[in-house]
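The chain contents come next:
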Amino acid sequence: MKKRARSAARPTNPLVRAPMRIGTLDAAAVVAELRQTHEEAEDPDVELMPADEELFGALLYLEKHARALSKQPPAVQRAAALKRVQLWEYLREQTELHQARAVDDARGAGAQWIQLAPVLAVGAASAAYNKAKRLKAAGLIDDPSSGHHVRRTPEAVLEAERRLARAEAAERRAQEEAQRRHALMVPVATRLLEQREALVRDEDTDYWLEEIEAVLPHCRTPLQMVSLKRYLDAALRSLTKLEQQSARSVALTDEARLALAAAVELQQE
């Protein structure tokens with residue numbers, strides 16, 4: 001008997017293929033379109049249809065009253081049915097996201113996987129863990145540049161969660177460094193302003209120092225700190241240009257020299 005050739009397709013292909021998803025959808029607007037379709041078809045019960053925002057109830061109504069469109073052209077019936085399919089798919093995706101959050105809350109409250117098994121409709125703690133990870137995949141992006149969601153396997157979800165945790169840690173470190181620099185920037189800028197009369201200046205330098213003076217008392221928000229840094233950098237560029245033109249230091253006193261050096265050091269960090 002001739003041996004059957006092995007398929008070239010890998011058995012894991014369904015797991016590694018990037019899943020297609022409805023994603024963002026104005027579900028209420030789609031429900032409103034279906035409501036209008038039923039009104040135009042003179043559905044006698046359309047007033048009983050739930051509000052546009054009540055997606056599940058509206059879908060149940062549309063399913064129950066689908067025959068109200070029976071006298072409409074086939075294209076109208078087909079379009080209405082396709083919209084219902086889209087809304088059910090969207091609802092399923094949203095259900096996964098919210099169920100995953102409920103599982104996280106249960107775990108945070110001390111629930112064991114064996115306790116989650118019956119409410120997740122599985123028979124063992126390991127099955128509950130695996131299902132929870134598959135649910136979590138719905139809310140995780142594998143590659144932000146492509147927008148592909150994570151594969152629906154526990155291993156892929158764990159790797160995505162580790163990657164997300166690393167990214168969040170890096171963001172926290174960047175924010176902490178920015179806060180540290182901002183905390184140093186205010187006294188450095190203040191000290192430079194105090195030595196303004198001991199600096200060789202031109203019109204450009206005076207302009208940026210005045211900008212620093214205006215924003216300095218109000219430096220509390222990140223945007224204000226960014227403005228302060230921009231003005232301080234511009235003032236230092238202007239002072240550096242004056243030094244290059246004259247081949248001499250723009251600081252006329254030791255105090256001014258120290259204030260300028262501190263500002264330059266902060267800029268170079």
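Residues numbered from 1 in each chain as written. Predicted model: local features only at pLDDT ≥ 70, side-chain atom pairs only at ≥ 80, totals over all residues. Heavy atoms only, no water.

Student: Which residues make up the overall build of the chain, and what are the values?
Tutor: Counting its secondary structure elements, the chain contains ten helices and two strands. Listing the helices and strands of the chain from first to last along the sequence gives α-α-α-α-α-α-β-β-α-α-α-α. By residue count, 32% of the 269 residues in the chain fall in the buried class. Within the chain, contacts between residues separated by at least 24 positions form 54% of all contacts whose residues are at least 6 apart in sequence. (Helix = DSSP H or I, 4+ residues; strand = E, 2+ residues; numbered from the N terminus. Buried < 20%, exposed > 50% of the residue type's maximum accessible area, 1.4 Å probe, protein only. Contact = heavy atoms within 4.5 Å.)

Student: Give a description of the packing of helix H2 (residues 27–40) against helix H3 (residues 55–64) that names residues and reports values.
Tutor: Close contact between H2 and H3 brings their axes to 11 Å; oriented N to C, the two are set at 30°. As far as their axial angle goes, H3 and H2 are roughly parallel. Once H2 is placed against H3, the crossing between them reads as left-handed. For the pair H2 and H3, contact is made by Ala27, Val31, Leu34 and His38 and by Leu55, Ala58, Tyr61 and Leu62, respectively. (Axes fitted to C-alpha atoms, helices over the stretch in contact; angles between N-to-C directions. Parallel < 35°, antiparallel > 145°, perpendicular 65-115°, else oblique. Left-handed = near helix turned anticlockwise from the far one by under 90°.)

Student: I'd love a proper account of unusual backbone geometry, names of residues and values included.
Tutor: Non-glycine residue Glu42 carries a positive phi angle of around 60°. Relative to the assigned elements, Glu42 resides in the loop between H2 and H3. Phi at Ala121 is positive, roughly 60°, even though this residue is not glycine. The residue Ala121 is located in the loop between helix H5 (113–119) and helix H6 (125–136) in this model.

Student: Any chance you could break down the nonpolar core for me, citing the residues and the numbers?
Tutor: Most often, soluble globular proteins have nonpolar side chains that are buried together. Leu192, Leu199, Ile212 and Leu228 are the most contacted members of the largest nonpolar core, which totals 27 residues. When residues of this core are traced back to their parent elements, those giving at least two are helix H7 (154–194), helix H8 (203–215), helix H9 (222–246) and helix H10 (254–268). Not counting residues within four places of it along the chain, the set of residues in contact with Leu228 comprises Met185, Val186, Ala189, Ile212, Val215, Leu216 and Cys219. Listed in part, the 18 residues of the second largest apolar core include Val30, Leu34, Leu59 and Leu87. (Core = buried A, V, L, I, M, F, W, Y, C linked by side-chain atoms within 4.5 Å.)

Student: Account for H2, naming residues and giving values.
Tutor: For H2, spanning 14 residues, the distance from its first C-alpha to its last is 20 Å, which sits close to the expected 20 Å at 1.5 Å a residue. For H2, the complete set of buried residues consists of Ala27, Val30, Val31, Leu34, Arg35, Thr37 and His38. Looking straight down H2, one finds that the buried residues subtend no more than 160° of arc, so they occupy a single side. Where the residues of H2 are buried, they touch H3 and helix H4 (74–108). Downstream of H2 by a residue or two, Glu42 has a phi angle that is positive, lying close to 60°. (Expected span 1.5 Å × (residues − 1). Arc of directions from axis to C-beta.)

Student: How would you summarise the environment of Gly23 if you had to cite specific residues and measurements?
Tutor: Among the secondary structure elements, Gly23 is positioned in the loop between helix H1 (13–16) and H2. For Gly23, a relative accessible area of 32% gives the class partly exposed. Sequence separation of Gly23 and Gln94 is 71 residues, and the distance between their C-alpha atoms is 9.0 Å.

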